[in-house]
Each structure stands twice: as C-alpha cells, then as structure tokens.
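Spelled out from the first residue to the last, the chains are:
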Amino acid sequence: MAEALGTALLLAVVVGSGIMGETLAGGNVAIALLGNTLATGAALVVLITIFGSLSGAHFNPAVTLVSALRREIGWGLAAAYLAAQVAGAIAGVYAAHVMFAEPILQVSTKLRDGPAQAFSEALATFGLVLTILGTIRFRPDFTSVAVGLYITAAYWFTASTSFANPAVTVARSLSDTFAGIDPTSAPAFIAAQLAGAVAATFTARALFAD
C-alpha cells in the first residue's frame, strides 16, 4: 500500500506540476520545466520521509531491483512492489488529469528517441541509485533530502530530464501533456534505466564496502 500510494502521489506531482507549469509559463519551456523540477524534488523529500520506514519508499522498480540484488528483500516481495508501483503510477497520472480537467485516458505523442536520450536515462538512474546507496551507507537520515536534491539537479543536467524510473516511464506514456513520453520511446528508456541501476549496484559494492 505504501509503494502504491507513494508512487501515485509522486506521479500526480510530476504530471500535475508539468501541466500547471506549461499553462502558466506562457510558452517559456525553461520556466515550465523549472516549476516541474521544484515540485518534483520537494515532493520526493516529503514522500520518502513519510513512507521510508514503511516500505523503504522505493517508488521505482529500478530501486526495487537493486534491493533484491542486494538481498535486502526477496524476489516475491520485489514482484509485489513492482505491481504496486506501476498501478500507483498510472493512478497518479489519472488523478492529475482529473485535477486539470484533462481527458483521463490519453497516450503521449512526445517522442524522446535516440542514443543520447537513452544514455541520459542510464546515467540519471546510475546517479540516483548511487545517491541512495551512498546516503544509506553514510547518512541514512539524509536520504530523502539527497534524493530530492539529486533529481532536482538531474532534471537539468540530463537531456532526458531524468525519468530514472521504469514505473514513471510507463505512466508518463499515458499522458499527452508536458511530462509525457511517446510509448515507442519508453522501451529504450526502461532498458537504460535498468542497466544504470545494475551498474550502480556493482559500483557501490566496490566503493562502499566495509
């Protein structure tokens, strides 16, 4: 329940702030992205603080995969997390559509194709997972803030605006708004995200070993 609700709230923030930003920015994409960025980073701090002690506040199949690889959770629980995250993410997108009087059922037409975009997602997810594992190792009380700050930065230093999350990618393909991604672009994003997460797992094992 924590994973489903947390992921739903996260996607409501991501998509809702994207719609609001685009509406108020008067065609200035940088201002729209800035609004989207600040809302998402702030929400991550809050949501991880609320749900961290319940489920670990993954909200992200890539993070759940890392936890399973590190044997922190079993593969059965990981599968349940995945289902909850994807279902919650889609529900959050639909909630954002309802709030802004958008059609609930949509499919994005916003193409995000090419090797540069895929590499951006691999790097974004690599950095996210490394941030999580590093703060858990050295400053566990700072994890929520560190993740929020990292994603805030990654929105701007990556060409893809840092989805870094397969459940988010799937859900955003169902929103033809500012934060959307065409479904044909999603598989490359997801593959890159998983690759970045696995690479970060082995990197952290070498860097943060006792």
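Residues numbered from 1 in each chain as written. Predicted model: local features only at pLDDT ≥ 70, side-chain atom pairs only at ≥ 80, totals over all residues. Heavy atoms only, no water.

Draft legend 1. Broad picture of the overall build of the protein. When helices and strands are counted, the protein shows 8 helices and 0 strands. N-terminal to C-terminal, the α/β element order of the protein is α-α-α-α-α-α-α-α. On C-alpha atoms alone, the protein measures out to a radius of gyration of 16 Å, which is about the 17 Å that the 2.2 N^0.38 rule sets for 210 residues. Overall size of the protein, expressed as C-alpha extent along the three principal axes, is 50 × 35 × 30 Å. Taken across its 210 residues, the protein has 52% of its residues classed as buried. Across the protein, 8 positive and 10 negative side-chain charges occur, with their mean positions spaced 11 Å apart. (Helix = DSSP H or I, 4+ residues; strand = E, 2+ residues; numbered from the N terminus. Rg over C-alpha atoms; globule rule 2.2 N^0.38 Å. Buried < 20%, exposed > 50% of the residue type's maximum accessible area, 1.4 Å probe, protein only. Lys, Arg positive; Asp, Glu negative; His and termini not counted. Charge placed at Lys NZ, Arg CZ, Asp CG, Glu CD.)

Draft legend 2. Seen up close, the side chain of H97. Along the polypeptide, H97 turns up in helix α4 (residues 75–99). Separated by 2.9 Å, the side chain of H97 and the backbone oxygen of I104 make a polar contact. Filtering out sequence-adjacent residues up to four positions away, H97 remains in contact with V15, E102, P103, I104, Q106, L174, S175 and T177. (Polar contact = N/O pair within 3.5 Å; in protein donor to acceptor, adjacent residues only side chain to side chain. Contact = heavy atoms within 4.5 Å.)

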